[in-house]
Amino acid sequence: MRVVRTNQAVGMVLGHDITEIVPNVFKGVAFKKGHVIKEEDVERLLRIGKEHVYVFQLKPDELHEDDAAIQLGELACGEGVYFTEPSEGKINIVAKHRGLLKINKELLEEINDLGEICLATIHGNRRIDKDGLIGGCRVIPLTIPKQKISEAKAILKDAKPMIEVKSFKPLKTAIIVTGSEVYKGRIEDKFGPVVEKKIEAYDSDVIYKTIVPDELDRIKETVLRCKDKGAELIIVTGGMSVDPDDKTPGAIKAAGAEIISYGTPVLPGAMLLVGYIEGIPIFGLPGCVMFSHTTAFDILLPRVFAGERIVRRDITRMGYGGQCLKCQSCSFPDCHFGKC
Ligand SMILES: Nc1nc2c(c(=O)[nH]1)N[C@H]1C(S)=C(S)[C@@H](COP(=O)(O)OP(=O)(O)OC[C@H]3O[C@@H](n4cnc5c(N)ncnc54)[C@H](O)[C@@H]3O)O[C@H]1N2
Ligand code: MOO
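All of these numbers come straight from a predicted model, not from anything done at the bench. (Residues numbered from 1 in each chain as written. Chains lettered and ligands numbered in written order. Predicted model: local features only at pLDDT ≥ 70, side-chain atom pairs only at ≥ 80, totals over all residues. Heavy atoms only, no water.)

K.L.:
How should the sheet that holds strand β11 (residues 126-128) be read in this particular structure?
P.N.:
Through backbone hydrogen bonds, the strands of a sheet pair up, either in parallel or in antiparallel fashion. Pairing in this open sheet of three strands is antiparallel, and the strands run β11-β9-β14 from one edge to the other. The sheet terminates laterally at β11 and β14 (163-166), the two strands that pair on one side only. In this sheet, neighbouring strand axes are inclined to one another by 40° on average, regardless of whether the strands run parallel or antiparallel. (Pairing = 2+ DSSP bridges. Helix = DSSP H or I, 4+ residues; strand = E, 2+ residues; numbered from the N terminus. Axes fitted to C-alpha atoms, helices over the stretch in contact; angles between N-to-C directions.)

Here's what the structure looks like:
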């Protein structure tokens, strides 16, 4: 550290906290150690009585923590993501709009493995709202060798963005409610409205909704009709379990769908089916989706609305984090459920 005249210190890094006391008005830190002195700070520093200050002298191969955080933010943030001005050396990483949050975990690990860098995020593959906090970044010391940032650049330069938020695209949705007890009017349909609400949360329209009995051919024909009607997402409710009247998985298969998975390692949601029929995503939803606040369906929906194609491994890895704790007040997706 060296002493410089305050009016010659613009652009330099303050080496210590500076306290200001204005009787009855303010007592506290006016400038924090590490602050880069700006033109407009000089007058205030002089009023505090600091005609000289201690400053850090950055060596040519060093970066101040604020500049390092900005450069790391620029490297890490892809589409749909921005970062805030550094404060005390830290930037916040934030969603520009709502959508599906994607985090490249491997790259994140590699960057943190460089040392002297802290890049922390929430889990990816979840829905995030506009201005939702994704993470933060800072370097550990007050200054960092520029070489570290070059190493981070080398890791990220040919890779996809480490953090991005994919926009949701509305999907014309068809809902087929199965159940002879519902079809014959023995009970009122309580499943359709639950699903409709979840679809509308993605600004998507339900273009077709019908109730059919537990008959394989009826369900199959209705699936094909939905496809012909231009549905971009088909959802079949009920009949997903092991009773003799549970015909939905067989009917979806008979309609020609490629079954990605019948069964998910998620509770609730174990009996869920995901498939594609000529590229159109199709779900078979078990009774728990009607009953439980949050299930495997809620974990997968953001990915479908972001246009991702679900593959079998996406399903199988859901076991880790796949047990819902059924909290009294559900905070999903701000919880461990579905984070793998
Ligand atoms: N022996 C086993 N039983 C069950 C298993 C199992 O593995 N072995 N799995 C359980 C799990 S997990 C779930 S989830 C449910 C799956 O149920 P289904 O999808 O087969 O649902 P249904 O049998 O069609 O109906 C169950 C229940 O819900 C009522 N229901 C269905 N649809 C509607 C609707 N649209 N509106 C109102 N109520 C509806 C239906 O009347 C039944 O009471 O299976 C477990 N059992
Ligand atoms: O599919 Mo049931 O899916 O776990 O309650």
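K.L.:
How should the side chain of Thr-173 be read in this particular structure?
P.N.:
Tracing the chain through its elements places Thr-173 in strand β15 (residues 173-178). The exposure class assigned to Thr-173 is buried, which follows from its relative accessible area of 0%. There is a polar contact of 2.9 Å between the side chain of Thr-173 and the backbone oxygen of Leu-171. (Buried < 20%, exposed > 50% of the residue type's maximum accessible area, 1.4 Å probe, protein only. Polar contact = N/O pair within 3.5 Å; in protein donor to acceptor, adjacent residues only side chain to side chain.)

K.L.:
What should I look at first to understand the site of ligand 1 in this one?
P.N.:
As a matter of local geometry, ligand 1 sits amid 19 residues, with Glu-181, Asp-189, Lys-190, Gly-239 and Met-271 nearest to it. For ligand 1, a nitrogen atom lies 2.9 Å from a polar atom in the side chain of Asp-189. One of the backbone N or O atoms of Met-240 is found 3.0 Å from an oxygen atom in ligand 1. Within the complex, the protein chains bury 62% of what would otherwise be the 880 Å² of accessible surface of ligand 1. If you list the elements that add at least two residues to the shell around ligand 1, you get α5 (180-183) and α9 (288-291). The class makeup of the residues in the shell around ligand 1 is 10 nonpolar, four polar and five charged. (Near = heavy atom within 4 Å. Areas by Shrake-Rupley, 256 points an atom, 1.4 Å probe, with all protein chains shown as cover. Nonpolar A, V, L, I, M, F, W, Y, C, P; charged D, E, K, R; others polar.)

K.L.:
Help me understand the site of ligand 2 in this model?
P.N.:
Residues in contact with ligand 2, as listed here, are Leu-267, Pro-268, Gly-269, Ala-270, Met-271, Pro-286 and Cys-288. The backbone of Gly-269 places a nitrogen or oxygen atom 2.9 Å from an oxygen atom of ligand 2. At 2.7 Å, a backbone N or O of Ala-270 approaches an oxygen atom of ligand 2. Among the residues forming the shell around ligand 2, the class breakdown is six nonpolar, one polar and no charged.

K.L.:
I'm lost on the domain arrangement of the protein chain in this one. Help?
P.N.:
Many analyses report the size of an interface as the accessible area lost when the parts associate. One can read the domain layout of the protein chain as domain 1 (2-56), domain 2 (62-164) and domain 3 (173-319). A straight line from the C-alpha centre of domain 1 to that of domain 2 covers 30 Å. (Domains from an automatic or database assignment.)

K.L.:
Looking at this structure, I do not really get the pattern of salt bridges. What am I missing?
P.N.:
Note on pairing: side chains with opposite charge can pair once their charged atoms come close. A full pass over the atoms with the stated rule returns 18 salt bridges. Notably, a salt bridge pairs Glu-20 with Arg-44, separated by 2.6 Å at the nearest N-O pair. On the criterion of sequence distance, the pair formed by Glu-20 in strand β3 (residues 18-22) and Arg-44 in helix α1 (residues 41-48) is long-range, its members being 24 residues apart. Exposure remark for Arg-44: the relative accessible area of 27% places this residue in the partly exposed category. Notably, a salt bridge pairs Arg-303 with Asp-314, separated by 3.4 Å at the nearest N-O pair. In this pair, Arg-303 is assigned in helix α10 (residues 296-305) and Asp-314 in helix α11 (residues 312-316), connecting sequence segments 11 residues apart. What emerges from the salt-bridge pattern is a single network uniting Lys-102, Lys-166, Arg-303, Glu-308, Asp-314 and Arg-317. (Salt bridge = Lys/Arg side-chain N within 4 Å of Asp/Glu carboxyl O.)

K.L.:
What am I meant to see in the side chain of Lys-227 here?
P.N.:
Tracing the backbone shows Lys-227 in helix α7 (residues 216-228). A polar atom in the side chain of Lys-227 sits 3.5 Å from the side chain of Glu-278. Other than its neighbours up to four places away in sequence, Lys-227 contacts Ile-234, Ile-277, Glu-278 and Ile-280. (Contact = heavy atoms within 4.5 Å.)

K.L.:
What am I meant to see in the pairing of strand β5 (residues 52-56) here?
P.N.:
Regular strands place side chains that alternate from one sheet face to the opposite one. Only one face of β5 is buried, namely the one carrying Val-53 and Val-55, since none of His-52, Tyr-54 and Phe-56 on the opposite face is buried. Taken together, the two bridges between strand β2 (residues 13-14) and β5 define a ladder with antiparallel strand orientation. Bridging from a neighbouring strand, Leu-14 pairs with Val-55 of β5.

K.L.:
Quick question: what am I supposed to make of the nonpolar core here?
P.N.:
General note: in soluble globular proteins, nonpolar side chains tend to be found buried as a group. Counting 33 residues, the largest nonpolar core has Phe-283 and Leu-285 as the members making the most contacts within it. Elements with a contribution of two residues or more to this core: β15, α6 (191-200), β17 (233-237), β19 (273-277), β20 (280-285) and α10. Element by element, the count of residues in this core is highest for α10, at seven residues. Setting aside anything within four residues of it in sequence, one finds Leu-285 in contact with Phe-191, Val-195, Ile-235, Val-236, Thr-237, Gly-238, Met-240, Leu-272 and Phe-297. (Core = buried A, V, L, I, M, F, W, Y, C linked by side-chain atoms within 4.5 Å.)

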